[in-house]
Amino acid sequence: MLKPIFTATALSSFILLSGCSFDQSGDDKKEPKEEHPSSHHTETAKDDTKEKDSKESAQRQVEVDETVKPAQAGLQTLANPGSIPVLVNKQYSLPEDYKPEDLIYPKVDFIFQDKIEKRMMRKEAAIALERLFQAAEKDNMHFAGVSAYRSHQTQITVFNNYVAKDGEEKAKTYSAMPGTSEHETGLAIDVTTHDGACAAQDCFGDTNEAAWLAEHAHEFGFIIRYPEGKENITGYKYEPWHIRYIGVDAATEIFKTKSTLEEYYNAVPVEAVDK
Ligand SMILES: [Zn+2]
């Protein structure tokens, strides 16, 4: 049932694509939380901490359900899709029938008014997002949500539309396969400045809000999921607007070590290591 991460290296092709595909909605899911079982350091020397961090990450495992037939080579199905720090990427897919059970509407502004799917997040993430937006306001930083949860069905529709238009091979280069979009977890959200400018655009990266987010997101349990310079590891181009809730401890560790969720689980694709 449980398979160690180290075997999950069979990424057939490592293509950078957008983690968000801003078509319509956002999806995500979640459930119980499962913080990693680690003794947290009372650090002595920096090197000690580093060594300990790498030991801890070596112990963390991505749990996969081997009874599910992969939708494609190199893709494994997660056994614990509701885990708060769950790793969803081009190697690890949510089960087809997964739907987060605790989706709510975070009380924050979005760039649209409608009460629709892409406004939702899992409860723990939604509350953390409210706290993040409130803290930002105190620093005179004004955010709005762009797209959060996207159901599996929505992702299927979006993906199929692209397949109909460009064929499956090409569609895969720019749209996440159903089950592999972080938006399906209910733990990810794309944000922008309150005026809605630069929503899902590179120019967001040049705003004061983006700088504030990069510096403070971890205090609220979020990480910049697809950082600059880590494209080979995450499989996604730099997206300063896409934040992912994983809990404060994990987010702080990733922030301090300037790493990624893949590295947190020691689940970096072999191709990335070689590059
Ligand atoms: Zn996104």
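Structure shown above.
Notes on the structure in this doc start here. (Residues numbered from 1 in each chain as written. Predicted model: local features only at pLDDT ≥ 70, side-chain atom pairs only at ≥ 80, totals over all residues. Heavy atoms only, no water.)

### Some points on the state of the cysteines
Our working definition: The criterion for a disulfide is a pair of cysteine sulfur atoms lying within 2.5 Å. Only protein chains enter the accessibility calculation, which uses a 1.4 Å probe; a residue whose area is less than 20% of its type maximum is buried, one above 50% is exposed, and one in between is partly exposed.
Inspection of the entire model under this criterion finds one disulfide. Disulfide pairing places Cys 198 opposite Cys 203 at an S-S distance of 1.9 Å. Residues Cys 198 and Cys 203 share a disulfide whose torsion about the S-S bond is about -120°; that sign makes it left-handed. For Cys 203, a relative accessible area of 31% translates into the label partly exposed.

### Observations regarding the packing of aromatic side chains
Operational definition: Ring pairs are drawn from Phe, Tyr and Trp, using the six-membered ring of Trp, whenever the two centres fall within 6.5 Å, and their geometry is named by plane angle: stacked under 30 degrees, edge-to-face over 60, tilted for the rest. Here a strand is any run of E in DSSP of at least two residues, a helix any run of H or I of at least four, and the numbering for each starts at the N terminus. The rule is short: NZ of Lys or CZ of Arg within 6 Å of the ring centre and within 35 degrees of the ring normal puts a charge over the ring.
Per the counting criterion, the structure on display carries seven aromatic pairs. Judged by centre distance (5.3 Å) and plane angle (65°), the ring pair of Phe 222 and Tyr 245 falls under edge-to-face. Here Phe 222, found in strand β7 (residues 222-226), pairs with Tyr 245, found in strand β8 (residues 239-245); they are 23 residues apart in sequence, far enough to count as distant. Exposure class is identical for Phe 222 and Tyr 245. Each is buried. Taken together, a centroid distance of 4.4 Å and an interplanar angle of 40° make the contact between Tyr 226 and Tyr 236 tilted. Of this pair, Tyr 226 sits in strand β7 while Tyr 236 sits in the loop between α6 (231-234) and β8, placing them ten residues apart in sequence. Across the pair, Tyr 236 and Tyr 226 agree in class, each one buried. Taken together, the ring pairs in this structure connect Phe 133, Phe 143, Trp 212 and Phe 220 into an aromatic cluster. A cation over an aromatic ring shows up here: Arg 60 above the ring of Tyr 264, its NZ or CZ 3.7 Å from the ring centre. Positioned above the aromatic ring of Tyr 236 is the side chain of Lys 90, whose terminal nitrogen or guanidinium carbon lies 4.4 Å from the ring centre.

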